[in-house]
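# Structure assessment
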Amino acid sequence: MTVISARRRSTGRRGPYVARAVAQLLSWPALELSDTRRGMAFTVRGTEILRLTGADEVRLCLTEPAIERLEPYLGDCDQVQMGADHAWVILRVEAEPDLDLLLALTSVAIKAHAASEVA
């Protein structure tokens, strides 16, 4: 008899602040956790807005209008880099203030995606 088993892809080890962010974001009613080809991600109504990309790194889809509004502030932040796609930013989460920034920007992303669906 042959036994077939399905293994879940390894998600890799998360840094302590990214792990804390995931634990908090799991309780947010607007977000759903998804396991994609690229790794774990959070979605809003099926649209990916946050992707876990490394132990201390996440990619966040803020939308271009939101990034344009926040650009003066994001440009001064060493933990945030603009992504290749102008709707995404890359955020390093290595300390408590970075975790707070991630949670705040995730809230902005949720609102930005909800507003784009209404428009």
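The protein is annotated in an unreviewed UniProt entry as Luciferase domain-containing protein of Nonomuraea angiospora.

## Things to note about the overall build of the protein
Of the regular secondary structure elements, the protein holds 3 helices and 6 strands. The order of helices and strands in the protein, counted from the N terminus, is α-β-β-β-β-α-β-β-α. Within the protein, residue pairs in contact and separated by at least 24 positions form 55% of the contacts whose partners lie at least 6 positions apart. Accessible surface computed for the protein: about 7400 Å², of which carbon and sulfur atoms make up 52%.

## A few points about the packing of aromatic side chains
Enumeration according to the criterion identifies 0 aromatic pairs in this entry. Seen from the ring of W88, R51 lies directly overhead, with NZ or CZ sitting 4.8 Å from the centre.

## A few points about the confidence of the model for the protein
Chain-level pLDDT for the protein is 87 on average; 87% of the residues reach the 70-or-more range. Throughout residues 1-11 the model reports pLDDT below 50, and contacts reaching past four residues in sequence, or to other chains, amount to 7 contacts.

## Description of the pattern of salt bridges
Applying the stated criterion to the full structure yields 3 salt bridges. R20 is the partner of E96 in a salt bridge, and the nearest nitrogen-oxygen pair spans 2.9 Å. Separated by 76 residues along the polypeptide, E96 in helix α3 (residues 96-118) and R20 in helix α1 (residues 16-25) bring together distant segments of the chain. Here E48 makes a salt bridge to R51, at a shortest N to O gap of 2.6 Å. The exposure class of R51 is buried, given its relative accessible area of 11%.

## Details of the sheet that holds strand β5 (residues 80-82)
Taken in spatial order, the 6 strands make up an open sheet running β1-β2-β3-β4-β6-β5, and their pairing is antiparallel. Pairing within the sheet leaves two strands with one partner each, and these edge strands are β1 (32-36) and β5. Each adjacent strand pair in this sheet contributes to an overall mean axis angle of 25°, direction not counted. The sheet contact formed by strand β4 (residues 57-61) and strand β6 (residues 88-92) spans 5 bridges and is antiparallel. Across the sheet, residue E57 finds its bridge partner in β6, namely R92.

Definitions and cut-offs
- Residues numbered from 1 in each chain as written.
- Predicted model: local features only at pLDDT ≥ 70, side-chain atom pairs only at ≥ 80, totals over all residues.
- Heavy atoms only, no water.
- Helix = DSSP H or I, 4+ residues; strand = E, 2+ residues; numbered from the N terminus.
- Contact = heavy atoms within 4.5 Å.
- Areas by Shrake-Rupley, 256 points an atom, 1.4 Å probe, with all protein chains shown as cover.
- Phe/Tyr/Trp six-rings, centres within 6.5 Å; stacked < 30°, edge-to-face > 60°.
- Lys NZ or Arg CZ within 6 Å of the ring centre and 35° of its normal.
- pLDDT = per-residue confidence, 0-100.
- Salt bridge = Lys/Arg side-chain N within 4 Å of Asp/Glu carboxyl O.
- Buried < 20%, exposed > 50% of the residue type's maximum accessible area, 1.4 Å probe, protein only.
- Pairing = 2+ DSSP bridges.
- Axes fitted to C-alpha atoms, helices over the stretch in contact; angles between N-to-C directions.

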